[in-house]
Every structure is written in structure tokens, then in C-alpha cells.
Amino acid sequence: EPVAEYCFAPPRKWRFDWAWPELKLALEVDGGAWIGGRHTSGSGFLKDMEKKNTAACLGWRILYCTPREFNKGLIMAWLEKYLKETP
């Protein structure tokens, strides 16, 4: 089962929206693409790069989706594919 709001790099307060810690797999639901949300602002983009690069250096794999993809269940096919292909 996934863990919501998983803090992956203490003492930093970074969290993944959803995480499977034993697999080092995370799901990030990024909104605001069409309305200039935090993930699309200059400072938000740079902060996200730092978070993503730190996660990669710690061995995490991250899947991304929008709230629409999440709410419609479209991300489930990607998650199932990943989980089937990962030993």
C-alpha cells in the first residue's frame, strides 16, 4: 500500500504525494499547469529540480501525473506496468 505525504529526505521537509518506500517508488501529482501554479513558476520549478535530483541521488524513481490523470485513474496503468516490470 502507498504511503501518503511520505517524507523521504529528513531533515528536509520534502514529501512525495504517494510513496512505496520499500520499492523506492513515488507518485507526484502536479497541478496548476494551466493556471500558473507553484510547479510552473520560476522559483517553484527550481525547488522541484532540487527535490527531484536529491530523490534520484537517493535511488528513488518518480512517476508524475496531473490531478486529472490521478482522479480518472489513468496513472494506474503506469503504476501497474512499473510494478510488473520491477523485480
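Please refer to the structure placed before this passage.
In what follows, the accompanying structure is described. Model, not experiment: these values are computed from the prediction.

## Observations regarding the nonpolar core
Piece 1. By size, the foremost hydrophobic cluster in this structure holds nine residues: Phe8, Ala9, Trp14, Phe16, Ala19, Ala26, Ala55, Trp60 and Ile62.
Piece 2. When residues no more than four places from it in sequence are discounted, the contact partners of Ala26 are Phe16, Trp18, Ala19, Trp60, Arg61, Ile62 and Leu63.
Piece 3. Within the second largest apolar cluster, eight residues are counted, among which are Trp20, Leu25, Ile75 and Tyr82.

## Section: the sheet that holds strand S1 (residues 3-7)
Piece 1. Taken in spatial order, the four strands line up as S1-S2-S3-S4 in an open sheet, and their pairing is mixed. At either end of the open sheet lies a strand with only one pairing partner, and these are S1 and strand S4 (61-65). Going across the sheet, the axis of each strand differs from the next one's by a mean of 40°, ignoring polarity.
Piece 2. When strand S3 (residues 25-29) meets S4, the two strands line up parallel, connected through five bridges. Pairing of Leu25 across the sheet is with Arg61, part of S4.
Piece 3. With respect to the sheet, helix H3 (residues 75-85) is in contact with strand S2 (15-20), S3 and S4, its orientation differing from that of S4 by roughly 165°.

Quick notes on the rules
Residues numbered from 1 in each chain as written. Predicted model: local features only at pLDDT ≥ 70, side-chain atom pairs only at ≥ 80, totals over all residues. Heavy atoms only, no water. Core = buried A, V, L, I, M, F, W, Y, C linked by side-chain atoms within 4.5 Å. Buried < 20%, exposed > 50% of the residue type's maximum accessible area, 1.4 Å probe, protein only. Contact = heavy atoms within 4.5 Å. Pairing = 2+ DSSP bridges. Helix = DSSP H or I, 4+ residues; strand = E, 2+ residues; numbered from the N terminus. Axes fitted to C-alpha atoms, helices over the stretch in contact; angles between N-to-C directions.

From the geometry alone we can't say anything about function, so treat these as descriptive.
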